[in-house]
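Listed here are the chains, written in short residue letters.
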Amino acid sequence: MDIINIIAVVIAIASVLAALGHLGYLAMLNSAANKRAGGGPIADYVRSRWPIAGATAGTAVVALLFTSGGTVMDILAVLLAVGSGAVSTKALQSTQARFRSGG
């Protein structure tokens, strides 16, 4: 295992964790919206965000799988993982900002 592979694996794992965090937050929001009487607009918003969360999670998993290849695959894995992690993090932050309560 060379240093590039180690770096690629760490970045890919971080990307998977970011994507899972976004998926988990959406699942939590959806659950709370479905239990609440006026949660219809929130549930609709969450429904519109599932494709983004699924695509970034899938891309992050593909990047993690790419790390089992050679050096070229490691570089591709880093590129995919960085892109997926950035999109996941930005989407999570925008969702949190939209539904953040004042408290």
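This structure is a prediction, so every number in the text was calculated from the model and none was measured. (Residues numbered from 1 in each chain as written. Predicted model: local features only at pLDDT ≥ 70, side-chain atom pairs only at ≥ 80, totals over all residues. Heavy atoms only, no water.)

Draft legend 1. The arrangement of the overall build of the protein chain in detail. When its secondary structure is counted, the protein chain shows three helices and zero strands. For the protein chain, the sequential pattern of α-helices and β-strands runs α-α-α. C-alpha extents for the protein chain along the principal axes are approximately 55 × 25 × 15 Å. Considering the protein chain as a whole, with its 103 residues, one finds that 32% of them fall into the buried category. The contacts in the protein chain between residues at least 6 apart in sequence include a share of 73% that link residues at least 24 apart. Of the roughly 5,900 Å² of accessible surface on the protein chain, 70% is carried by carbon and sulfur atoms. (Helix = DSSP H or I, 4+ residues; strand = E, 2+ residues; numbered from the N terminus. Buried < 20%, exposed > 50% of the residue type's maximum accessible area, 1.4 Å probe, protein only. Contact = heavy atoms within 4.5 Å. Areas by Shrake-Rupley, 256 points an atom, 1.4 Å probe, with all protein chains shown as cover.)

Draft legend 2. Expanded view of the packing of helix H2 (residues 40–66) against helix H3 (residues 71–99). One way to put it is that H2 packs onto H3 with a least axis distance of 8 Å and a crossing angle of 160 degrees. The orientation of H2 relative to H3 falls into the category roughly antiparallel. Between H2 and H3 lies a crossing of left-handed hand. A class-by-class count of the residues in the contact of H2 with H3 yields 15 nonpolar, six polar and three charged. (Axes fitted to C-alpha atoms, helices over the stretch in contact; angles between N-to-C directions. Parallel < 35°, antiparallel > 145°, perpendicular 65-115°, else oblique. Left-handed = near helix turned anticlockwise from the far one by under 90°. Nonpolar A, V, L, I, M, F, W, Y, C, P; charged D, E, K, R; others polar.)

Draft legend 3. Summary view of the pattern of salt bridges. Enumeration over the complete set of coordinates arrives at one salt bridge. Between Arg-47 and Asp-44 there is a salt bridge; the shortest N-O distance is 2.7 Å. Here Asp-44 and Arg-47 lie together in helix H2, a separation of three residues that amounts to about one turn. (Salt bridge = Lys/Arg side-chain N within 4 Å of Asp/Glu carboxyl O.)

Draft legend 4. The nonpolar core, seen in detail. Counting residues in hydrophobic clusters, the biggest one holds nine residues: Tyr-25, Leu-26, Leu-29, Ala-33, Ile-42, Ala-43, Val-46, Ala-53 and Leu-92. When contributions to this core are tallied by element, the ones reaching two or more residues are helix H1 (3–35) and H2. Discounting residues that sit within four places of it in the chain, Ile-42 has contacts with Leu-29, Ala-33, Arg-36 and Phe-99. (Core = buried A, V, L, I, M, F, W, Y, C linked by side-chain atoms within 4.5 Å.)

Draft legend 5. Here's a closer look at the packing of aromatic side chains. Going through the model one piece at a time under the given rule, you end up with one aromatic pair. With a centroid separation of 5.3 Å and an interplanar angle of 65 degrees, the aromatic rings of Tyr-45 and Phe-99 are classed as edge-to-face. Here Tyr-45, found in helix H2, pairs with Phe-99, found in helix H3; they are 54 residues apart in sequence, far enough to count as distant. Overall, the relative accessible area of 14% leaves Tyr-45 in the buried class. The class of Phe-99 is partly exposed, set by a relative accessible area of 24%. For the cation-ring pair, Arg-98 lies above Tyr-45, with the distance from its terminal atom to the ring centre recorded as 4.2 Å. (Phe/Tyr/Trp six-rings, centres within 6.5 Å; stacked < 30°, edge-to-face > 60°. Lys NZ or Arg CZ within 6 Å of the ring centre and 35° of its normal.)

Draft legend 6. Looking closely at the side chain of Asp-74. Turning to its location among the elements, Asp-74 is positioned in helix H3. Buried Asp-74, no salt bridge; nearest opposite-charge side chain is Arg-49, N-O distance 29 Å. A distance of 3.0 Å separates a polar atom in the side chain of Asp-74 from a polar atom in the side chain of Asn-5. Other than its neighbours up to four places away in sequence, Asp-74 contacts Asp-2, Ile-4, Asn-5, Ala-8, Phe-66, Thr-67 and Gly-69. (Lys, Arg positive; Asp, Glu negative; His and termini not counted. Polar contact = N/O pair within 3.5 Å; in protein donor to acceptor, adjacent residues only side chain to side chain.)

Scope: geometric values only; no functional claims are made or implied.
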